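# Descriptive analysis of the structure
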Amino acid sequence: MVLPLCFIGMMLKIIRERETTHGDAHKTFTLAGDLISSLMIHKEGCAIEPHEFAVINILHKVARIISGSYADDHWDDIEGYAQLGKKLHKELTESGQGG
């Protein structure tokens, strides 16, 4: 599949814009990978629970905050993931399935 030049140009523009708020992709992904790897080591091969996936999304946002510039979106997303993770963790604990 060949992409039209206008689409490729639009993608490159978005990537350049995101580097401002998200930081250099390699640096951001390396930091996010290190943070998530620490979580996975702690899990010792156990499956990721839904509320823990919220934590992974928060760690990715933390990497963007550290590597990029200020953006409301990162902080708002962390707040949203925290609320979802809290709800899911509470439901899991109250169901007696874990916690």
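Structure: see above.
Since the structure is predicted, the reported quantities are computational estimates derived from the model, not experimental observations.

## Looking at the overall build of the protein chain
The helix and strand tally for the protein chain stands at four helices and zero strands. Each helix (α) and strand (β) of the protein chain, taken in turn from the N terminus, gives the series α-α-α-α. Against the 2.2 N^0.38 benchmark of 13 Å for 99 residues, the protein chain shows a C-alpha radius of gyration of 17 Å, more extended than a compact globule. On the principal axes, the C-alpha backbone points of the protein chain span a range of 55 × 30 × 25 Å.

## Some details on the pattern of salt bridges
The tally for this structure, following the rule as stated, stands at five salt bridges. Of the charged contacts, one joins Lys-13 and Glu-17 as a salt bridge, the two residues approaching to 3.1 Å between their closest N and O atoms. Residue Lys-13 and its partner Glu-17 are both found in helix α1 (residues 5-22); the two are separated by four residues, about one turn of the helix.

## Here we look at the environment of Leu-5
Locating Leu-5 in the fold gives a position in helix α1. On the accessibility criterion, Leu-5 (73% relative accessible area) is exposed.

## Topic: the side chain of Thr-28
You can see Thr-28 is positioned in helix α2 (residues 25-43). Judged by relative accessible area, Thr-28 falls into the buried class, the value being 2%.

## Things to note about helix α4 (residues 72-94)
The terminal C-alpha atoms of α4, which comprises 23 residues, lie 33 Å apart, in line with the 33 Å expected from a rise of 1.5 Å per residue. Within the span of α4, buried status applies to His-74, Ile-78, Gly-85 and Leu-92. One or two steps after α4, the chain reaches Gly-96, where phi turns positive at roughly 80 degrees.

Criteria and thresholds
- Sequence order sets the numbering: in each chain, residues are counted from 1 along the sequence as written.
- Under the rules for a predicted model, residues below a pLDDT of 70 receive no local features and side-chain atom pairs below 80 are neither given nor counted, while totals for whole chains, interfaces and linings still include all residues.
- Side-chain descriptors were evaluated using all non-hydrogen atoms of the structure, hydrogens and water having been removed beforehand.
- Starting at the N terminus, helices and strands are each numbered in turn, a helix being any DSSP run of H or I of at least four residues and a strand any DSSP run of E of at least two.
- With the radius of gyration taken over C-alpha atoms, the globule rule is written as 2.2 Å times the number of residues to the power 0.38.
- A pairing counts as a salt bridge when a side-chain nitrogen of Lys or Arg comes within 4 Å of a carboxyl oxygen of Asp or Glu.
- Remark: exposure states derive from per-residue accessible area (1.4 Å probe, protein chains only) relative to the maximum for the residue type, with buried under 20%, exposed over 50%, and partly exposed in between.
- Working rule for helices: expected span equals 1.5 Å times residues minus one.

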